[in-house]
2 protein chains.
Amino acid sequence: MPLDPPAQTGMVLADVDTPALIIDLDAFERNLRRMADFARQAGVRLRPHAKTHKSPEVAKRQLALGACGVCCQKVAEAEIMVAGGIDDVLISNEVAGARKLARLAALGRRARIGVCVDDLGNVEELEAAAGAAGASIDIMVEIDVGGRRCGVAPGAAAVELAQRVSASKHLSFAGLQAYYGSAQHVREAAERAALIAGAVAQVRDTVAALAAAGLAVKVISGAGTGTYEHEATSGVYSELQAGSYVFMDQDYARNRVADGGPFQSFEHALFVYASVMSAPVAERRVLDAGLKALAFDSGMPVPWQVPGAVYLRPSDEHGNLDVSACDRPPARGDKLLLVPGHCDPTVNLHDWYVGVRGLAGSKPHVESLWPVAARGALF
Amino acid sequence: MPLDPPAQTGMVLADVDTPALIIDLDAFERNLRRMADFARQAGVRLRPHAKTHKSPEVAKRQLALGACGVCCQKVAEAEIMVAGGIDDVLISNEVAGARKLARLAALGRRARIGVCVDDLGNVEELEAAAGAAGASIDIMVEIDVGGRRCGVAPGAAAVELAQRVSASKHLSFAGLQAYYGSAQHVREAAERAALIAGAVAQVRDTVAALAAAGLAVKVISGAGTGTYEHEATSGVYSELQAGSYVFMDQDYARNRVADGGPFQSFEHALFVYASVMSAPVAERRVLDAGLKALAFDSGMPVPWQVPGAVYLRPSDEHGNLDVSACDRPPARGDKLLLVPGHCDPTVNLHDWYVGVRGLAGSKPHVESLWPVAARGALF
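Note that the coordinates shown come from a computational prediction; the quantities given were computed from them, not determined experimentally.

Check the secondary structure of chain A and you find 10 helices and 17 strands. For 379 residues, the compact-globule estimate of 2.2 N^0.38 gives 21 Å, and the C-alpha radius of gyration of chain A, at 22 Å, lies within 12% of that figure. Of the roughly 13,000 Å² that chain A leaves accessible, carbon and sulfur atoms contribute 52%. Positive and negative side-chain charges in chain A, numbering 37 and 43 respectively, have mean positions lying 3 Å apart.

Residues and elements named next belong to chain A. Inspection of helix α2 (residues 56-64) places P56, V58, A59 and Q62 among the buried residues, and these make up the whole buried set. Taken around the axis of α2, the buried residues stretch over an arc of 155°, which confines them to a single face. Buried residues belonging to α2 abut α1 (25-42), β3 (70-72), α3 (75-83) and β17 (365-371). The backbone nitrogen of E57 lies 3.1 Å from a side-chain oxygen of the residue at the head of α2, namely S55. Positioned one or two residues after α2, G66 has a phi angle of 115°, which is positive.

As a further point, take the interface of chain A and chain B. Contact with chain A, which involves 66 residues of that partner, is made by 66 residues of chain B. Summed over the shared surface of chain A and chain B, the number is 35 residue pairs in polar contact (both at pLDDT 80 or more). Top contributing element to the side of chain A that touches chain B by residue count: strand β10 (residues 270-281) of chain A, with 4 residues. Residue classes in the side of chain A that touches chain B are distributed as 21 nonpolar, 17 polar and 28 charged.

Our next topic: the sheet that holds strand β2 (residues 45-46) of chain B. The strands that make up a sheet pair up through hydrogen bonds in the backbone, lying either parallel or antiparallel. Residues and elements named next belong to chain B. Taken together, 8 strands build an open sheet; the order of strands is β2-β9-β8-β7-β6-β5-β4-β3 and the sheet is parallel. Each having just a single partner strand, β2 and β3 (70-72) make up the two edges of the open sheet. In this fold helix α3 (residues 75-83) packs onto β3, β4 (88-91) and β5 (112-117), with an angle of close to 175° to the strand it touches most, β4.

All names here are of chain B. Note on placement: T227 falls in the loop between β8 (219-222) and α8 (228-232). Of the residues examined, T227 reaches a relative accessible area of 0% and is grouped as buried. A polar side-chain atom of T227 sits 2.9 Å from a polar atom in the side chain of E231. Contact partners of T227, with chain neighbours within four places excluded, come to A183, Q184, R192 and I196.

Attention shifts here to the packing of aromatic side chains. All names here are of chain B. By the definition in use, this model includes 16 aromatic pairs over all chains. Ring centres of F28 and F247 lie 6.1 Å apart, and the angle between their planes is 25°; this geometry places the pair in the stacked category. Of this pair, F28 sits in helix α1 (residues 25-42) while F247 sits in the loop between β9 (239-240) and α9 (250-258); the two residues are 219 residues apart in sequence, bridging distant segments of the chain. Note on Y228 and F266: the rings are 6.0 Å apart at their centroids and 55° apart in plane angle, and the pair reads as tilted. Of this pair, Y228 sits in helix α8 while F266 sits in the loop between α9 and β10 (270-281), and the two are 38 residues apart along the sequence. Residue class for Y228 comes out buried when judged on its relative accessible area of 4%.

Attention now goes to helix α4 (residues 98-107) of chain B. If you check which residues of α4 of chain B are buried, you get K100, L101, R103, L104, A105 and L107 of chain B. For α4 of chain B, the secondary structure elements touched by its buried residues are α3, β4, β5, α5 (120-133) and β6 (137-142) of chain B.

Right, let's talk about the confidence of the model for chain A for a bit. Confidence along chain A averages 95 in pLDDT terms, with 97% of residues attaining 70 or more. On the interface metric, ipTM, the complex scores 0.97, and its pTM is 0.97.

With omega at -5°, the peptide bond leading from T18 of chain A into P19 of chain A counts as cis. Within the secondary structure, P19 of chain A is located in the segment before β1 (20-24). The phi angle at R148 of chain B is positive, at roughly 55°, despite the residue not being glycine. In this structure, R148 of chain B sits in the loop between β6 and α6 (156-166).

This paragraph deals with the relation of the copies chain A and chain B. You can overlay chain A on chain B at an RMSD of 0.0 Å; the transform is a turn of 180° with a shift of 0.0 Å along its axis. Within this description, the copies of the chain are treated as partners about a two-fold rotation axis. When the interface residues of chain A are mapped onto chain B, 100% of them are again interface residues, pointing to one common binding face.

Here the focus is the sheet that holds strand β5 (residues 112-117) of chain A. Residue and element names in this part refer to chain A. Across the sheet, 8 strands lie side by side as β2-β9-β8-β7-β6-β5-β4-β3; this open sheet has parallel pairing. The two strands at the open ends of the sheet, each matched to only one other strand, are β2 (45-46) and β3. As defined by bridge partners, strand β8 (residues 219-222) adjoins strand β9 (residues 239-240) across 2 bridges and the pair is classed as parallel. Its bridge partner being in β9, G222 is matched across the sheet by L240.

Let's shift gears to the packing of α4 of chain B against α5 of chain B. All names here are of chain B. Interhelical geometry of α4 versus α5 gives an angle of 55° and a closest axis separation of 8 Å. As the angle between them shows, α4 and α5 are arranged oblique. Where α4 crosses over α5, the handedness of that crossing is right-handed. Side by side, α4 and α5 meet where L101, L104, A105 and A106 of the first sit next to N122, E125, L126, A129, A130 and A133 of the second.

Here the focus is the pairing of β4 of chain B. The side chains of a regular strand alternate between both faces of the sheet. Residues and elements named next belong to chain B. Of the two faces of β4, the one lined by D88 and L90 and the one lined by V89 and I91 are each fully buried. Here β3 pairs with β4 via 3 bridges, running parallel. Opposite C71, over in β4, you have L90 as the bridge partner. Once the chain exits β3 it traverses α3 before rejoining the sheet at β4, and the crossover so formed is right-handed. With 4 bridges joining them, β4 and β5 adopt parallel strand pairing. Within the sheet, the bridge partner assigned to L90 lies in β5 and is G114.

Moving on, we come to the pattern of salt bridges. Per the stated rule, a full pass over the model turns up 55 salt bridges over all chains. Between R112 of chain A and D138 of chain A there is a salt bridge, and its shortest N-O distance comes to 2.7 Å. Placement of the pair is R112 of chain A in strand β5 and D138 of chain A in strand β6 (residues 137-142), with a sequence separation of 26 residues. With relative accessibility at 15%, the residue D138 of chain A sits in the buried group. Across the pair R61 of chain B and E57 of chain B runs a salt bridge, and its minimum N-O distance is 3.0 Å. Pair noted here: R61 of chain B and E57 of chain B are both in helix α2 (residues 56-64), with a separation of 4 residues, about one helical turn. By relative accessible area, E57 of chain B is classed as partly exposed at 27%.

The next thing to look at is the side chain of E317 of chain A. Topologically, E317 of chain A is positioned in the loop between β13 (310-314) and β14 (319-322). A polar contact is formed between the side chain of E317 of chain A and the side chain of K292 of chain A, at a distance of 2.7 Å.

This part covers the state of the cysteines. Residue and element names in this part refer to chain B. For the structure shown, the criterion picks out 0 disulfides over all chains. This cysteine, C71, is not joined by any disulfide, and C72 carries the nearest cysteine sulfur, 7.7 Å off. The buried category is assigned to C72, whose relative accessible area is 1%.

Cut-offs used in this document
- Residues numbered from 1 in each chain as written.
- Chains lettered and ligands numbered in written order.
- Predicted model: local features only at pLDDT ≥ 70, side-chain atom pairs only at ≥ 80, totals over all residues.
- Heavy atoms only, no water.
- Helix = DSSP H or I, 4+ residues; strand = E, 2+ residues; numbered from the N terminus.
- Rg over C-alpha atoms; globule rule 2.2 N^0.38 Å.
- Areas by Shrake-Rupley, 256 points an atom, 1.4 Å probe, with all protein chains shown as cover.
- Lys, Arg positive; Asp, Glu negative; His and termini not counted.
- Charge placed at Lys NZ, Arg CZ, Asp CG, Glu CD.
- Buried < 20%, exposed > 50% of the residue type's maximum accessible area, 1.4 Å probe, protein only.
- Arc of directions from axis to C-beta.
- Contact = heavy atoms within 4.5 Å.
- Polar contact = N/O pair within 3.5 Å; in protein donor to acceptor, adjacent residues only side chain to side chain.
- Nonpolar A, V, L, I, M, F, W, Y, C, P; charged D, E, K, R; others polar.
- Pairing = 2+ DSSP bridges.
- Axes fitted to C-alpha atoms, helices over the stretch in contact; angles between N-to-C directions.
- Phe/Tyr/Trp six-rings, centres within 6.5 Å; stacked < 30°, edge-to-face > 60°.
- pLDDT = per-residue confidence, 0-100.
- Least-squares fit on C-alpha atoms with pLDDT ≥ 70 in both.
- Parallel < 35°, antiparallel > 145°, perpendicular 65-115°, else oblique.
- Left-handed = near helix turned anticlockwise from the far one by under 90°.
- Right-handed = clockwise from strand over helix to strand, strands pointing away.
- Salt bridge = Lys/Arg side-chain N within 4 Å of Asp/Glu carboxyl O.
- Disulfide = S-S within 2.5 Å.

So this is what it looks like as structure tokens:
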């Protein structure tokens, strides 16, 4: 049974039940525009990653500002995006297993669908699935530019895959997937720049090897919120896959601060709203948001505009808040906003986005309730 | 929209789509019986924590074996348990906020409902809510026996709260909540024993102070899977709240091994089933289960019966597996079982339990599909 939302539209923020996933709509819309403007000015396509938001409502707003489509990581996410009206989806990931391949191919009849490959056998499977479904699928050959996750080595292995794809009947060789995931979260700006420079060189070599084999590369796609300026100005990448910029989490913000901040490009637009459920001693408050309401893989959430308050540690349903340095610590029953350490897995814990207008003003109120439509869409 | 299950009943395990949350029904049923037998023999009540499983199906099986009811952490969980036929629920947690208190009181008209308090103002709020709803609510006074989370100090503060509850019209003083959360995960058996011995002493003192004030304590409730033997044999605790024993995760298992194992009391009965989606180099496999399919707060998941395979690190939708020490590393497309580091937040990421019979045998098959009914029930 779907869960009820923690709010109704028109409600003031203070009446929203907790824990709740809040979008600051004003900041969110500014973030959307900033990245769209950047991509336009840089002359690259923007294909934002929908794994961040899992919402066709958000995706539609990205497309309205010029995005060419979205990325997903899972077939189930892509199904939900297509059902929600998005007609161009790249699964920026490998897909294995007969059931998933059949679903992917079926989707290829309803929308423009792309997927990544890093294995010759997978190309055969995709060709068979697309043929059986009477569909066509765009294929991106994924090369490992340093992330050490999926992807073949740049160069000859990529050429072999692209040739196999090109020789297929139902598959089109669309380009290269060259995403450097682990570079996104490196703290030092110079180190991030150097890592992407290395990726760019590997992409360039692979493009040259493909050209020597008579294969043109239409799209070179990659980049995330941590490094997108480098890919955009590389002269090689033609498509950006950044996702987190819409919401901006604490981890990416720390990088921006490390870059010599103040944090400039994007604003925190996503929060978890939490209540103080217990105030047992002067220095401690216990929040009703722990491991099941927030992701902790990139560090603790940070209380928003509660000077001195430090989120010390979670348990499953509790957050332990140190308020010993607070001049005015929140009282039992008070509510506060938390900036998640990592947005994507935090979003995946919630069923609803509560869109708040005027968050920075004196009377923030609920303007929209959007389902996190692809929450839990794991396969 | 609710997500489809990743399996159908009757299907062989290998056909289940991934990632999927698997119950080994044979091991699960043995775990249920072991804890029920233990509690009966120890002469204490068992009120298992439903925050682990979030499923009335599991709760009903616990009650059928003698459990007196269940614990929940959230009003929304309690609502789902009561809707699923469970008629005795203790919210082993404080509840703050008018909307939640009204829902809690409404529940008190439909089932036996208890809740914890650690604040005099909260007692007043509960009394008002219960009065408005025409309901009665059992109140457990929570004391902090060392966990440094919620709860008043043992002794006088607890007596003051109990007196206020006893003087209320719609509330009943039911007993003491004395759960030592952080002791559950201490590695050393002797240290866990010492911590619970300290808790027992504080409970004993508080009971004496309550008796001196003319207040009888009906129930003393606490304990988790890490320490329950100590509470059960303390002569003071009368009710066990352990939850994880039904599934047993890697973290608790490590404690059992540290105790001089092999692991004896409970078996791993919960797994995440994952596929190898990429095999880009000889030493690496990439699984389709990362931060959105597994919880990592208590360490990495452990591949089950894949000797030499080590889950190195997750990203949002990927798991990086080191197979350099495997004699027979899994191939692309193969599926394997992972034992979660921490069951409770892992369960909360999934919509369905796929119950498998004969997992240890030659032809494991899907016997049941149970919704994780209270998944995401945060408020």
